[in-house]
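Commentary on secondary and tertiary structure
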Amino acid sequence: MKHSKWIPGIAIIGLLLTGIVFLNLNNSDKIYQVGIFQVVRHPVLDAMAESFQNHLMENLSGEINFETMVPEGDASKTEQMAQKFATEGYDLVFVIGTNLAQSLAKKTSTIPIVLGAATDPEAAGLVQTWEHPGGNITGTGDLSPVESQLGRLAEILPGAKRVGIIYNPSEDNSGIIVTRFKSQCEKRGITPVTATISSQNEIRQTLVSLVGKVDALYAPTDATVQSAFPLLIKTANELRIPVFNCDEGTVKKGAIFSVGFDYMALGRISAEMASMIIEGKHSPANMPIRLADQFILFYNPNQIQQLDLDMPVTWKKEGKQTYE
């Protein structure tokens, strides 16, 4: 009789264990649909997207179907792709590009959107505040550290008094950077010189117009400028205009230096946020916009030498040299 009393208990435990195993199997069999909406193909943005994918696969149990769409700056394609993401049952969309996020946000208020390196999502109208997004959108920001960038410029070009910035005025994030750039220049007694383009076809003509008017040129995280960066560097080298920037990839391609974020780290952080949203642990509305852990100085010794500049001795210790 004593033995028989344990049989129901054993059976219940067995059923519970079976249920746990069943639940785990169900969880591991889950297939997630995740979109990646990327403004243009660019080494830095590609690396961030790849980092996001790799870390999301590590953080989530189950299979993930990724679909990447890149409109390459085409407004009509942006709208078509945003409509597809909004209507075809995605669990989450990772968006690299402020204007892409704005387009998608107009089409869905329910699908979670995680921003990848948005310059200022609050100013762009994507979230209520950085600390309390308040809707279906959160993610990471890459508000350009203009103060640090101009500080490094003063180290390598201490006589620079006129600094240009080239950008496409139709991009909201660029307007935000330009405002901060002008403010920081004025604090340092530098004259900011703005140059606008609407397409990469205007790069050469615009740079030629800057000859004799600028001591250096800042190329911000503007999609039009970044997509045309090889042409920009080629032309700037011909005209002997030093270019500085805000990411490692453009330093490899010929900028003299950058102070910026580790964009692969931003991909990792975005993936961590995405996994918590997909698993239902957090809502985008209550997840503050996050930044990368630190700024990094990248410099190109070959480009510095080519332009006959004297590299600060501290850069070898403080920064990371990079070139193609």
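Structure: see above.
Residues numbered from 1 in each chain as written. Predicted model: local features only at pLDDT ≥ 70, side-chain atom pairs only at ≥ 80, totals over all residues. Heavy atoms only, no water.

**Side note on unusual backbone geometry**
Positive phi is not limited to glycine here, since Glu72 has a value of about 55 degrees. Examined against the element boundaries, Glu72 turns out to sit in the loop between strand S2 (63–69) and helix H3 (75–87). Its identity as a non-glycine residue notwithstanding, Arg240 has a phi of 60 degrees, on the positive side. Mapped onto the fold, Arg240 is located in the loop between helix H9 (229–239) and strand S9 (243–245). Here Arg240 falls in the partly exposed class, since its relative accessible area comes to 42%. (Helix = DSSP H or I, 4+ residues; strand = E, 2+ residues; numbered from the N terminus. Buried < 20%, exposed > 50% of the residue type's maximum accessible area, 1.4 Å probe, protein only.)

**A word on the packing of aromatic side chains**
Per the counting criterion, the structure on display carries eight aromatic pairs. Look at Phe181 and Tyr218: their rings are 5.6 Å apart centre to centre, the planes differ by 15 degrees, and that puts the pair in the stacked class. Of the two residues, Phe181 sits in helix H6 (residues 172–187) while Tyr218 sits in strand S8 (residues 216–218), which places them 37 residues apart along the sequence. No difference in accessibility class separates Phe181 from Tyr218, as the two residues are buried. Where Phe244 meets Phe257, the ring centres are 5.3 Å apart and the plane angle is 10 degrees; that geometry is what we call stacked. Of the two residues, Phe244 sits in strand S9 while Phe257 sits in strand S10 (residues 257–260), which places them 13 residues apart along the sequence. Exposure class is identical for Phe244 and Phe257. Each is buried. Linked through ring pairs, Phe181, Tyr218, Phe244, Phe257, Tyr299 and Trp315 together constitute an aromatic cluster. (Phe/Tyr/Trp six-rings, centres within 6.5 Å; stacked < 30°, edge-to-face > 60°.)

**Concerning the pairing of strand S7 (residues 191–196)**
In terms of strand pairing, strand S6 (residues 162–167) meets S7 through six bridges, oriented parallel. Counted as the bridge partner of Ile166 is Ala195 from S7. Assessed by its sense of winding, the connection that carries the chain from S6 through H6 to S7 is right-handed. (Pairing = 2+ DSSP bridges. Right-handed = clockwise from strand over helix to strand, strands pointing away.)

**Some words on the side chain of Ser258**
Its location among the elements puts Ser258 in strand S10. Note on Ser258: relative accessible area 0%, which makes it buried. A polar contact is formed between the side chain of Ser258 and the backbone oxygen of Asp247, at a distance of 3.3 Å. If we skip the residues at most four places from it in the chain, Ser258 touches Asn245, Cys246, Asp247, Glu248, Val251, Ile296, Leu297 and Phe298. (Polar contact = N/O pair within 3.5 Å; in protein donor to acceptor, adjacent residues only side chain to side chain. Contact = heavy atoms within 4.5 Å.)

**Focus: the pattern of salt bridges**
Applying the stated criterion across every chain, the model contains 14 salt bridges. Between Glu248 and Lys320 there is a salt bridge; the shortest N-O distance is 3.1 Å. You can see Glu248 sitting in helix H10 (residues 248–252) and its partner Lys320 sitting in strand S12 (residues 320–321), a full 72 residues away along the chain. A relative accessible area of 41% places Lys320 in the partly exposed class. Counted as one network, the salt bridges with shared partners bring together Arg152, Glu155 and Glu318. (Salt bridge = Lys/Arg side-chain N within 4 Å of Asp/Glu carboxyl O.)

**Observations regarding the sheet that holds strand S4 (residues 113–118)**
Here five strands make up an open sheet; going across it, the order is S2-S1-S3-S4-S5 and the pairing parallel. Unpaired on one side and paired on the other, S2 and strand S5 (137–141) mark the two borders of the sheet. Within this sheet the neighbouring strands show an average axis-to-axis angle of 20 degrees, counted without direction. Pairing of strand S1 (residues 31–38) with strand S3 (residues 92–96), which is carried by five bridges, proceeds in the parallel orientation. Directly across from Gln38, in S3, lies its bridge partner Ile96. Lying over the sheet, helix H4 (residues 98–105) contacts S1, S3, S4 and S5, oriented at roughly 145 degrees with respect to S3. (Axes fitted to C-alpha atoms, helices over the stretch in contact; angles between N-to-C directions.)

**Here's the deal with the packing of helix H5 (residues 146–156) against H6**
In the contact formed by H5 and H6, the axes pass within 9 Å of each other and the chain directions differ by 45 degrees. The orientation of H5 with respect to H6, classified from their angle, is oblique. Seen from above, H5 lies across H6 with right-handed handedness. The residues of H6 that touch H5, namely those facing Val146, Glu147 and Leu150, are Arg180, Phe181, Gln184 and Cys185. The class makeup of the residues in the contact of H5 with H6 is four nonpolar, one polar and two charged. (Parallel < 35°, antiparallel > 145°, perpendicular 65-115°, else oblique. Left-handed = near helix turned anticlockwise from the far one by under 90°. Nonpolar A, V, L, I, M, F, W, Y, C, P; charged D, E, K, R; others polar.)

**Overview of helix H2 (residues 43–59)**
Taking 1.5 Å of rise per residue, the 17 residues of H2 would be expected to cover 24 Å, and the 24 Å separating its terminal C-alpha atoms lies within 8% of that figure. Turning to H2, its buried residues are Val44, Leu45, Met48, Ala49, Ser51, Phe52 and Leu56. Relative to the axis of H2, the buried residues are bounded by an arc of 160 degrees and lie together on one face. Residues of H2 that are buried make contact with S1, S2, S3, S4, H10 and helix H11 (263–278). (Expected span 1.5 Å × (residues − 1). Arc of directions from axis to C-beta.)

Everything listed is a geometric property; what it means functionally is a separate question.
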